[in-house]
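Structural characterization, general
Residues per chain, in single letters:
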Amino acid sequence: MQRPRGRAGVKRGGCGAEQGPERRQVKPRGRRGGGCAGRAGAGAGGVFARLEAAGAGPRRAPGAVRAPARGGVRVGAARVGHCPQGSGVRGCVRARVLCGGRRAVSAMVLEGNPEVGAPRTSDLQHPGSQGSCVLSSPGEDAQPGEEPIKYGELIVLGYNGCLTSGDKGRRRSRLALSRRPHANGVKPDVMHHISTPLALSNRGQHSISYTLSRSHSVIVEYTHDSDTDMFQIGRSTENMIDFVVTDTSPGGGVTEGPSAQSTISRYACRILCGRRPPYTARIYAAGFDASSNIFLGERAAKWRTPDGLMDGLTTNGVLVMHPAGGFSEDSAPGLWREISVCGNVYTLRDSRSAQQRGKLVENESNELQDGSLIDLCGATLLWRTPAGLLRAPTLKQLEAQRQEANAARPQCPVGLSTLAFPSPARGRTAPDKQQPWVYVRCGHVHGYHGWGCRRERGPQERECPLCRLVGPYVPLWLGQEAGLCLDPGPPSHAFAPCGHVCSEKTARYWAQTPLPHGTHAFHAACPFCGAWLTGEHGCVRLIFQGPLD
């Protein structure tokens, strides 16, 4: 005779629980195991405890290994639960992230979505499958006194090595991204459908809120990712922003003051770098604010992807261009693309803030390469990898080239005075007496003189005394931002009309690289000062005259 069961009548098996006449909520087990464990959330936006009906989960096979907490196992489908808060939530869906593949893709299923079939069970018997995540080892962090591993460097175009007001703290012209002492990356974890457009109440929980209407919002919660480091870029000076950037005006100036309206988002984008080789860096549009939230309002471009997930674009967008052939002597400009909040790649919209998104580009990724350009609608950044920086000239090499050029004692062909490039320590102030000047149409280098003006054609128009071509007459300045150079070649070419000097291959590459401007325009610009390039080629070969003796 079988012993009668207790009131609960619970039989252990798999991840589910069989109950008697009275169904009870399975008590969460904390973060220990992957069975029925869940995190109790506060409010509609918290993380909800999982409730499963009788027989909902499979029995664990003999000898099966229990899943590690928080994403050690690839889960093929979500478990649908019921919101413990009642009517505030239309659908509460818990899903684990798939950590394998080209990028992290969330396997999320919407409750009540007719396009999605019945949820599949989780594969808890193979914790070491391809989609599993490996937790970081404390021994892999940099030891005290050791230099941390560098992921790469971000260089803002238009400043030639230093901001006009000087590099201070997080506001600078160049920032190196290195491995953090402790991982701070995040990855998608849970998606909720709620009936009120409220963000998560838990400030420590990263999330993205998609407001579809006044009565329908989708919130995607993110969880800690021990395999990545996150770096945020934007106009805001709050602590969560690692790199503060401001609008760059042509000529190297910075748009400042209350009257200057910036087009750069306060939380423009975020970069996630893998903490293990090959230290891949991926870019995503939008960054988390002080409440650890990314909010896409009703007017923001957003949509549901074919696999039932959510994605969207920021107001002015984040554009990325990967050079063809890498950032080397044989480089060629690539095509500009737009990056979404989830890191997908799309063609450009009709205008910068249009509501209609471009077409999905499936054969391209959001992985940054050496020489990738990132445009934030007001400032353009260049990404350089450590391997790429080894091929770039150093500041010592640039200084040696300056001294070598001055040692050749170039002379003005008219005044017969000796010309010399000023020291970078002097800064870009007023040109001195020995400063070389150039006619940008022909490339003839002279000393400064005040004759030959053609004011009927413009205040800067001068006639070259050697070839009689009329054009701008400007001083020459050496490019001092080594990360913008493709090779360590001699300074033989100058950009027109600003007069910044660099190697031939560097000048020709930037002269044929269109940079975004305004809502839908593109224009080539000098990487050292941001001035728009003019003339047929955008640069000119310099013609020096040697000493007569």
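Structure: see above.
Let me begin by describing the structure that accompanies this report. Since this is a predicted model, take the numbers as computed values, not measurements.

**Quick look at the state of the cysteines**
Tallied over the entire structure, the rule returns 0 disulfides. Free cysteine Cys498: the closest other cysteine sulfur is in Cys526, separated by 3.6 Å.

**Remarks on the sheet that holds strand 35 (residues 539-541)**
The strand order 30-32-31-35 describes an open sheet built from 4 strands, whose pairing is mixed. Edge positions in the open sheet fall to strand 30 (477-478) and strand 35, since each of these has one partner strand only. This element, helix 3 (residues 504-511), spans strand 31 (493-495), strand 32 (500-502) and strand 35 of the sheet and lies at about 30° to strand 31.

**With respect to the pattern of salt bridges**
Opposite charge on two side chains lets them pair, provided their charged atoms get close. The final tally for this structure, using the stated rule, is 15 salt bridges. The closest approach of N and O atoms between Glu153 and Lys150, which form a salt bridge, is 2.8 Å. Arg384 is the partner of Asp370 in a salt bridge, and the nearest nitrogen-oxygen pair spans 2.7 Å. Taken together, the residues span a long stretch of sequence, with Asp370 in the loop between strand 23 (345-346) and strand 24 (373-375) and Arg384 in strand 25 (residues 380-384) at a distance of 14 residues. The pair Asp370 / Arg384 is uniform in exposure class, with both members buried. Here the salt bridges share partners, and the residues they tie into one network are Lys150, Glu153, Arg174 and Glu481.

**Notes on the side chain of Arg349**
Topologically, Arg349 is positioned in the loop between strand 23 and strand 24. Judged by its relative accessible area of 9%, Arg349 falls in the buried class. At 3.2 Å, the side chain of Arg349 forms a polar contact with the backbone oxygen of Thr314. Within the structure, the side chain of Arg349 is placed 2.7 Å from the backbone oxygen of Ala354, a separation counted as a polar contact.

**So, the nonpolar core**
One finds Leu154, Ile233, Ile271, Ile283, Ile374, Leu376 and Leu381 to be the most contacted residues of the largest nonpolar core, which totals 30 residues. Broken down by secondary-structure element, the contributors of at least two residues to this core are strand 7 (150-156), strand 8 (174-178), strand 12 (228-234), strand 16 (269-274), strand 17 (281-285), strand 21 (318-321) and strand 25. Sequence-distant contacts of Ile233, that is, excluding residues within four places in its chain, are made with Leu154, Ile241, Phe243, Val245, Tyr267, Ala268, Cys269, Ile271, Leu376 and Leu381. Membership of the second largest hydrophobic core comes to 27 residues, among which are Met321, Leu484, Ala511 and Leu533.

**Remarks on unusual backbone geometry**
Backbone torsion omega between Pro277 and Pro278 reads 10°, so that peptide bond is classified as cis. With respect to the element layout, Pro278 can be found in the loop between strand 16 and strand 17. Note that the residue after Ala496, namely Pro497, is joined by a cis bond; omega there is 15°. Even without being a glycine, Ala286 presents a positive backbone phi close to 75°. Inspection of the secondary structure puts Ala286 in the loop between strand 17 and strand 18 (293-296). Residue classification places Ala286 among the buried residues on the basis of a relative accessible area of 4%. Even without a glycine there, the phi angle at Cys377 is positive, about 60°.

**Some words on the packing of aromatic side chains**
Evaluated as defined, the whole model comprises 14 aromatic pairs. Centroid distance Trp303 to Tyr346: 5.3 Å. Interplanar angle 80°. Geometry classified as edge-to-face. Placement of Trp303 in strand 19 (residues 302-304) and of Tyr346 in strand 23 is noted, with a sequence separation of 43 residues between them. Take Trp303 and Tyr346: they sit in the same class, and that class is buried. Between Tyr439 and Tyr473, the aromatic rings sit 4.5 Å apart at their centres with planes inclined by 35°, giving tilted as the arrangement. A residue pair is termed long-range when its members are at least 10 positions apart, and Tyr439 in strand 26 (residues 437-439) and Tyr473 in strand 29 (residues 470-475) qualify at 34 residues. Each of the two residues, Tyr439 as well as Tyr473, counts as buried. Members of the aromatic cluster, each reached through a chain of ring pairs, are Trp437, Tyr439, Tyr448 and Tyr473. Sitting above the plane of the Trp303 ring, Arg357 keeps its charged end 4.4 Å from the centroid.

Parameters at a glance
Residues numbered from 1 in each chain as written. Predicted model: local features only at pLDDT ≥ 70, side-chain atom pairs only at ≥ 80, totals over all residues. Heavy atoms only, no water. Disulfide = S-S within 2.5 Å. Pairing = 2+ DSSP bridges. Helix = DSSP H or I, 4+ residues; strand = E, 2+ residues; numbered from the N terminus. Contact = heavy atoms within 4.5 Å. Axes fitted to C-alpha atoms, helices over the stretch in contact; angles between N-to-C directions. Salt bridge = Lys/Arg side-chain N within 4 Å of Asp/Glu carboxyl O. Buried < 20%, exposed > 50% of the residue type's maximum accessible area, 1.4 Å probe, protein only. Polar contact = N/O pair within 3.5 Å; in protein donor to acceptor, adjacent residues only side chain to side chain. Core = buried A, V, L, I, M, F, W, Y, C linked by side-chain atoms within 4.5 Å. Phe/Tyr/Trp six-rings, centres within 6.5 Å; stacked < 30°, edge-to-face > 60°. Lys NZ or Arg CZ within 6 Å of the ring centre and 35° of its normal.

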